[in-house]
Amino acid sequence: MTAGWSRPIDVDRLADGGEVREFNLPLRDLPRLVGSLASKEGSAHCLLSFKRERRFPVADIEVQAELTLICQRCMQPMQFLVNERSRVWLVSEPGAADRLEAGIEPVLVPQGQVVLSDLVEEELLLAVPLVPRHQIESECSGAEPEPHEDAVKQTPFAGLGELLKRS
Ligand SMILES: [Zn+2]
């Protein structure tokens, strides 16, 4: 079941009905996002709630996902957790955004129609760092020729093994 996330829905209907949509969105169905992913596996958990505030439709968006990005320091895959909450105005004409409260992002919905997966994809694109990197440099693999802690520990035993074999 797609929960209707891939087709346009009338925002006025969503807002007036106070609708809540919860669904798992496969990452492979987000064409603008997959370009920056090392793996298309997995899905984003989405919770969208709609209502009307000061005449305008508003969406509260919650997205949780585990993305596989490429670390730009060691060029290896890394896991990146997304746990985002945001609120957006859904405006059908560009001029309307000027009259709205600052601090809440307006999203343009042509003809008052919104595709839920587009809203989620936008959130995920904003959450992904421009230059993804492992948080701690030591998590990067192959970047440093320095001896690894394990290698240092192993060396004396490897040497001992050689000595025992020889005796
Ligand atoms: Zn790295």
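Everything quoted here is computed from the prediction, not taken from an experiment.

This part takes up the pairing of strand S5 (residues 77-91). Note that strand S4 (residues 56-70) and S5 share 13 bridges and pair antiparallel. Bridge pairing in S5 places Val58 opposite Trp89. Hairpin remark: S4 followed by S5, antiparallel, with 6 residues in the connecting loop; positive phi at Met75, about 60 degrees. Direction of pairing for S5 relative to strand S6 (residues 105-108): parallel, over a ladder of 4 bridges. When the sheet's bridge partners are listed, Val91 is paired in S6 with Leu108.

Taken together, Cys71 (SG), Cys74 (SG), His134 (ND1) and Cys140 (SG) make up the full set of protein donors to the zinc ion, lying 2.0 to 2.3 Å away. Coordination at the zinc ion is tetrahedral: its 4 donor atoms span angles of 104 to 113 degrees at the metal. Look at where the donors of the zinc ion fall in the sequence and you get C-x2-C-x59-H-x5-C. Judged by relative accessible area, Cys71 falls into the buried class, the value being 0%. For Cys74, a relative accessible area of 10% gives the class buried.

Once that is clear, we can look at the nonpolar core. Leu67, Leu90, Leu116, Leu119 and Leu124 are the most contacted members of the largest nonpolar core, which totals 37 residues. Counting residues per element, the ones that place at least two in this core are helix H1 (11-16), strand S2 (20-26), helix H2 (31-34), strand S3 (43-53), S4, S5 and helix H3 (116-127). Top contributing element to this core by residue count: S4, with 6 residues. What Leu90 contacts, discounting residues up to four positions off in sequence, is Val11, Phe50, Pro57, Val58, Ala59, Val107, Val109 and Leu119.

Rules behind the numbers
- Residues numbered from 1 in each chain as written.
- Predicted model: local features only at pLDDT ≥ 70, side-chain atom pairs only at ≥ 80, totals over all residues.
- Heavy atoms only, no water.
- Pairing = 2+ DSSP bridges.
- Helix = DSSP H or I, 4+ residues; strand = E, 2+ residues; numbered from the N terminus.
- Donors = N, O, S within 2.8 Å, 3.2 Å for Na, K, Ca; no water.
- Tetrahedral: all angles 85-135°; square planar, octahedral: opposite > 155°, others 65-115°.
- Buried < 20%, exposed > 50% of the residue type's maximum accessible area, 1.4 Å probe, protein only.
- Core = buried A, V, L, I, M, F, W, Y, C linked by side-chain atoms within 4.5 Å.
- Contact = heavy atoms within 4.5 Å.

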